[in-house]
Amino acid sequence: MEQRAPGDSSASATKQPQHEGRNVWVLTAYGISGLALFGVLAYYFSAYITR
């Protein structure tokens, strides 16, 4: 089995892109949720104005 030095950053470097990828998906989910909420609010606001 291959051993790595305690200060070797290649072990943590392999985990970093996965963490960044998760952040992208979280921001995407927040963006979609925000757009959906804005759409619902715009619908109710326009329904209130046209009434």
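As shown above, the structure is provided for reference.
So, here's what we can say about the structure. Every value quoted in this text rests on a predicted model; they were computed, and no experiment measured them.

**Comments concerning the overall build of the chain**
Then comes step 1: Within the chain, the regular secondary structure consists of one helix and zero strands.
Then comes step 2: Split into buried and exposed, the 51 residues of the chain put 0% on the buried side.
Then comes step 3: Approximately 5,000 Å² of the chain is accessible, and the part contributed by carbon and sulfur atoms is 66%.

**Regarding the packing of aromatic side chains**
Then comes step 1: Summed over all chains, the structure comprises one aromatic pair.
Then comes step 2: Taken together, a centroid distance of 5.3 Å and an interplanar angle of 70° make the contact between Tyr43 and Tyr44 edge-to-face.

**A word on a nonpolar patch on the surface**
Then comes step 1: Residues Val26, Leu27 and Tyr30 make up a contiguous nonpolar surface patch of about 350 Å² in total accessible area.
Then comes step 2: With respect to the secondary-structure elements, Tyr30 resides in helix H1 (residues 10–50).
Then comes step 3: Tyr30 sits in the exposed class, given a relative accessible area of 62%.

Reading the values: the criteria
- Residues numbered from 1 in each chain as written.
- Predicted model: local features only at pLDDT ≥ 70, side-chain atom pairs only at ≥ 80, totals over all residues.
- Heavy atoms only, no water.
- Helix = DSSP H or I, 4+ residues; strand = E, 2+ residues; numbered from the N terminus.
- Buried < 20%, exposed > 50% of the residue type's maximum accessible area, 1.4 Å probe, protein only.
- Areas by Shrake-Rupley, 256 points an atom, 1.4 Å probe, with all protein chains shown as cover.
- Phe/Tyr/Trp six-rings, centres within 6.5 Å; stacked < 30°, edge-to-face > 60°.
- Patch = residues over 30% accessible without salt bridge, like charges linked within 9 Å, V, L, I, M, F, W, Y side chains within 5 Å.
- Salt bridge = Lys/Arg side-chain N within 4 Å of Asp/Glu carboxyl O.

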